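# Topology and contacts: notes
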Amino acid sequence: MKVLKSTLAIVCAAAVLGVSGFAQAGATLDAVQKKGFVQCGVSDGLPGFSVPDASGKILGIDADVCRAVAAAVFGDATKVKFSQLNAKERFTALQSGEVDILSRNTTMTSSRDAGMGLKFPGFITYYDGVGFLVNNKLGVKSAKELDGATICIQAGTTTELNVSDYFRANNLKYTPITFDTSDESAKSLESGRCDVLTSDKSQLFAQRSKLASPKDYSVLPETISKEPLGPVVRNGDDEWLAIVRWVGYAMLNAEEAGITSKNVEAEAKSTKNPDVARLLGADGEYGKDLKVKKDWVVQIVKQVGNYGEVFEKNLGKGTPLEIDRGLNALWTNGGIQYAPPVR
Amino acid sequence: MQTQIGAPKQKLSFSDPKVRAWLFQIITIVAVVSLGWYLFNNTQTNLQHRGITSGFDFLERSAGFGIAQHLIDYTESDSYARVFVIGLLNTLLVTVIGVVLATLLGFIIGVARLSPNWMINKLATVYVEVFRNIPPLLQILFWYFAVFLTMPGPRASHNFGDTFFVSSRGLNMPAALAADGFWPFVVSVVVAIVAIVLMARWANKRFEATGVPFHKFWAGLALLIVIPALCALIFGAPLHWEMPKLQGFNFVGGWVLIPELLALTLALTVYTAAFIAEIVRSGIKSVSHGQTEAARSLGLRPGPTLRKVIIPQALRVIIPPLTSQYLNLAKNSSLAAGIGYPEMVSLFAGTVLNQTGQAIEVIAITMSVYLAISISISLLMNWYNKRIALIER
């Protein structure tokens, strides 16, 4: 009944736009503080990014971004409620105010940032790109050999457009089969309905880990697009936008300064480094400017972790996904994760 | 005539039922209009305030994504408006095929349920009870995931005489392409149809005048075969066939019915036919047994009794509920979104909505399409119902 549910959700959300009042700058933070939790939109189940565990707790790097925002606003990372959204529902849910943040492996593009009533704070949770997952039996070694292939894609994603661009640019033919959920497309790949499953590379690794025999499938070397995935907020509330943006940057800055969930409290009390003192609220009123707690970064790092810790916990070597930091390493380590300073 | 001077002048009074009626009508209209205006205005303001683009300009922008099945030419650089047309055609395709097949199957099962043969009767009953009572979405998912997707891949497909191939990619079959004799053939078919109409008129006239029946069906069939066949002999074959060939990942050439279409059509046909069977059965039952007896005593054999006496009377009972089954089938086709068949809901209210973010416009368009399809079916069936209704003289 997923289809009906999602259509219904879109219709309801459209109806909400019809009867709800105006959005105002600051309204989101006020509303969040009044209801006592952050409503966070996440995916319908993507290992490493947002996926429920056996007890129903949502795990993953996208979910942790929301927890970090809650830690900054309330000093308590557990004050988050999650809404699981499929790709088609996500923007309507945010536009209509059903969720306060959409942290759902969503690619930042100009049209989404400007034309849809949404704003990307600019913090990128994960730098990704579209790739291809194929059955080894086909003997395909490069995406250029995919002429005539049938391709499973998740509906309503930038992937749909990127795949079409790539095949047109290389003068190759393909047949797209689009499904609402990633589970359906994975099932169709296994049954042989399509030759190739295409999605952001991180998702391909995650989906492969869910297949019956992951060994029989491999990810092709090509990355055919830029997919910077990050949180999204509603347009027109700069205050809330700034909070989400700087929560993300704070996690990066903490990693860069070597502050971890283990040493953060000691550092906050005894640091001699003026940079760290500003970041951890020992010096200045930077939290107050953002209208969050004075010790906001201490709470984020203590309860959720710095960016590196969150990455390793959810996606890194210790997980079934085993994803390298790659582009997502700090700029000081050869990656492109670079956060402006807190001062 | 003299004006009534002394008559009491009618005053507007609340106790006058006419005045009250008008007043309430006006209040209702004002309430409905202002509610509509409020919703419209508030939506507009909110959309503007949140910086959401509105309007229908997006229909002209190029879509940029591929579509698995399109009945008209389509490339990624075509507009969203064309995507809309493709979605609409795909919905209509399923609806039309589904309606035709479900009607045929439904009539057969319905008649079978009345059969005196115990075996046929019980089989039809089991069919109706099983398929009527399982939700259509489950049936669609069953046909798709459990039947079509478990077929072997294209390289190991079931091969029927090197012309038809069934695999998890669907049903591949030869494509008919126009050859030299194509246009003469079309002309000859038109000629044959005209000849059949003339023949039927003549036969009807003779039947009314003399009462001698004529084998219209067989004569018509003969005309339809002989005239085009002669034409093909003279001008050459009207069509040549392009065979599907295995090349690379998949079959190349020929026509393909994708498994999404097959699963959807099959599921909707089987589901709706169960309801139609019950409608047909009740329709036939509604014709009193005396009609059969009267026909038999006039010397009509069982076949003509059914065709000429029972069915025409049963149709009057069958048509109205049949209309609502057709409407259900058209609307149920939107369940295809669950298996990725590119029809209105999945393609337009799904992909297009998400790529453009214009939920209100897209949903409004989609709703009006279903409304339009349903009303068209309704009008058509009402017209037919009127035509076959009992004409009282």
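Residues numbered from 1 in each chain as written. Chains lettered and ligands numbered in written order. Predicted model: local features only at pLDDT ≥ 70, side-chain atom pairs only at ≥ 80, totals over all residues.

Note the following rule: UniProt positions are given in the numbering used here, feature names are shortened, and annotations may be inferred rather than shown by experiment.
Where an unreviewed UniProt entry is consulted, chain B appears under the name Amino acid ABC transporter permease, with the organism given as Pseudomonas fluorescens. Taken from UniProt, the Sequence similarities (unreviewed entry) comment for chain B reads in full: "Belongs to the binding-protein-dependent transport system permease family. HisMQ subfamily."

By the naming in an unreviewed UniProt entry, chain A is Amino acid ABC transporter substrate-binding protein, taken from Pseudomonas fluorescens.

## Observations concerning the sheet that holds strand β10 (residues 174–179) of chain A
All names here are of chain A. Rules: Here a strand pair is declared whenever DSSP counts at least two bridges between the two strands. Secondary structure elements are defined from DSSP: runs of H or I of at least 4 residues count as helices, runs of E of at least 2 residues count as strands, and each element is numbered from the N terminus. Where helices are involved, their axes are fitted lines through C-alpha atoms of the stretch in contact, as for all axes, and angles between N-to-C directions lie from 0 to 180°. Here the contact rule is simple: place C-beta atoms from the backbone, and any two residues whose C-beta atoms are within 7 Å are in contact.
Taken together, 5 strands build an open sheet; the order of strands is β10-β9-β11-β8-β12 and the sheet is mixed. Both edges of this open sheet fall to β10 and β12 (217–219), since each of them pairs with a single strand only. Averaged over all pairs of adjacent strands, the angle between strand axes in this sheet comes to 30°, irrespective of strand direction. Pairing of strand β9 (residues 149–154) with strand β11 (residues 196–200) involves 2 bridges; the strand directions are parallel. Bridging from a neighbouring strand, Ile151 pairs with Val196 of β11. Docked against the sheet, helix α7 (residues 182–191) engages β9, β10 and β11, running at close to 160° with respect to β9.

## Some thoughts on the environment of B:Arg132
Residues and elements named next belong to chain B. Selection rule: Partly exposed residues are those whose C-beta has more than 12 but fewer than 20 other C-beta atoms within 10 Å; 20 or more makes a residue buried and 12 or fewer makes it exposed, with C-beta atoms placed from the backbone.
With respect to the secondary-structure elements, Arg132 resides in helix α3 (residues 118–132). Assessed through the 14 C-beta atoms surrounding it within 10 Å, Arg132 is described here as partly exposed. Taking the C-alpha atoms as reference points, Arg132 and Ala274, 142 residues apart in sequence, are found 5.5 Å from one another. When residues no more than four places from it in sequence are discounted, the contact partners of Arg132 are Ala274 and Phe275.

## Description of α3(B)
Residues and elements named next belong to chain B. Operational definition: Each helix should span, by expectation, one fewer than its residue count multiplied by 1.5 Å. The directions from the helix axis to the C-beta atoms form the arc being described.
In this model, α3 (15 residues) spans 21 Å end to end at C-alpha, consistent with the 21 Å of a helix rising 1.5 Å per residue. Those residues of α3 that sit buried are Ala124, Val128 and Phe131. The arc that holds the buried residues of α3, viewed along the axis, is 90°, so those residues lie on one side. Turned more than 90 degrees from where α3 packs its buried face, Trp118, Met119, Val126, Glu129 and Val130 sit exposed. Summarising the contacts, the buried residues of α3 are in contact with α2 (80–113) and α7 (259–286).

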